[in-house]
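What follows is the residue order along each chain.
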Amino acid sequence: MRVRGFDVNERGEHWAASTASGVIFILVLVGAAALLLSGFLIVNVVNGLLLSQRRIIAVMKIVGGDRWQIMGVYMAMMAVLGALAVMIALPTSAVLGRTLAGFIAGVINFDIAIDGFTWQIAAAEIFVALFVPMAFAAWPIWSALRVPAAEAISDVEIGRAHV
């Protein structure tokens, strides 16, 4: 067997640092794609919800609710859904993230320096879980609130005509 060359890493650099950086980059891309796709899902679900509640929104406007009050109701609903999501996501991500990190660390013969779940990760997850649903739902909610109450009340449902 003949040796044609060898590489020496920088002092303190792990032999699989470039591979680990590539894996981390791919995981970040997948996470960003999942975040963006969840935003589109939120927009579609909120549009469907608001379409089914057009008359309810119109009645709220007729009895004196202004756009900001009604928007507050729907944004509070998005915040509650985000809070429920984060209650599921925090423990799940802690277990699955630790499992994945342990697997990758075992493959590349690396010791993980941080044990457990850090408050920075928890704060980031809570922020994203509360902010993303409200941010993506804001435009559909605001658009639905721009429809005049008289138009929403007298709207003809698809497939059925009201006389």
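Residue numbers here run from 1 along each chain, matching the order of that chain's written sequence. It should be noted that, the model being predicted, local features are given only for residues of pLDDT at least 70 and side-chain atom pairs only at 80 or more, the latter also being counted only at that level, while totals for whole chains, interfaces and linings use all residues. Remark: hydrogens and water are excluded; side-chain values derive from all non-hydrogen atoms of the structure.

Caption draft 1: Quick look at the packing of helix α1 (residues 17–52) against helix α4 (residues 119–145). Angles shown run from 0 to 180 degrees and are taken between the N-to-C directions of axes, each axis being a line fitted to C-alpha atoms and, for helices, limited to the stretch in contact. Put simply, DSSP marks the helices as runs of H or I at least four residues long and the strands as runs of E at least two long, and each gets a number from the N terminus on. Contact geometry of α1 with α4 gives a least axis separation of 9 Å together with a crossing angle of 40 degrees. As summarised for this structure, α1 and α4 are arranged oblique, according to the angle between their axes. Relative to α4, α1 is oriented so that their crossing is right-handed. Residue-level inspection shows Leu35, Gly39, Ile42, Val43, Val46, Asn47 and Leu50 of α1 in contact with α4, the latter providing Val128, Val132, Pro133, Phe136, Ala137, Pro140, Ile141 and Ala144. Note on residue classes: Ala, Val, Leu, Ile, Met, Phe, Trp, Tyr, Cys and Pro are nonpolar, Asp, Glu, Lys and Arg are charged, and everything else, Gly too, is polar. For the contact of α1 with α4, the residue count by class is 13 nonpolar, two polar and no charged. Working rule for angles: under 35 degrees goes down as roughly parallel, over 145 as roughly antiparallel, 65 to 115 as roughly perpendicular, anything else as oblique. With the far helix as reference, a near helix turned anticlockwise by less than a right angle produces a left-handed crossing, and one turned clockwise produces a right-handed crossing. Residues are treated as being in contact if the distance between any of their heavy atoms lies within 4.5 Å.

Caption draft 2: Inspection of the environment of Ala129 at higher detail. Residue position: Ala129 is located in helix α4. With 42 residues separating them in the primary sequence, Ala129 and Met87 have C-alpha atoms 9.5 Å apart.

Caption draft 3: Molecular detail of the environment of Leu51. Looking at the element boundaries, Leu51 is found in helix α1. A 1.4 Å probe rolled over the protein chains alone gives each residue an accessible area, and that area as a share of the maximum for its type sets the label: buried under 20%, exposed over 50%, partly exposed in between. The exposure class of Leu51 is exposed, given its relative accessible area of 57%. For the pair Leu51 and Ala152, spaced 101 residues apart in sequence, the C-alpha separation works out to 9.8 Å.

Caption draft 4: Just helix α3 (residues 67–107), in detail. Taking 1.5 Å per residue as the helical rise, α3 with its 41 residues ought to reach 60 Å, and the 55 Å between its terminal C-alpha atoms agrees with that figure. A maximum bend of about 30 degrees is found in α3 at Ala89, where proline Pro91 lies one to four positions downstream. Every buried residue of α3 is accounted for by Ile70, Met71, Tyr74, Met75, Met78, Gly82, Val86 and Ala105. On its buried face, α3 is in contact with α1, α2 (54–62) and α4. Asn109 sits one or two residues past α3 and shows a positive phi near 55 degrees. In a helix, the anticipated span is given by 1.5 Å times the number of residues less one. We define the bend at any residue as the angle between the axes fitted to the seven residues before and including it, ending there, and the seven starting there.

Caption draft 5: Broad picture of α4. Between its first and last C-alpha, α4 extends 38 Å over 27 residues, near the 39 Å set by a 1.5 Å rise per residue. Of all bends in α4, the biggest is about 40 degrees, found at Ala138, and the proline Pro140 comes one to four residues later. Among the residues of α4, Ala122, Ala129, Val132, Pro133, Ala137, Pro140, Ile141 and Leu145 are the ones counted as buried. Tucked inside the fold, the buried residues of α4 contact α1, α2 and α3.

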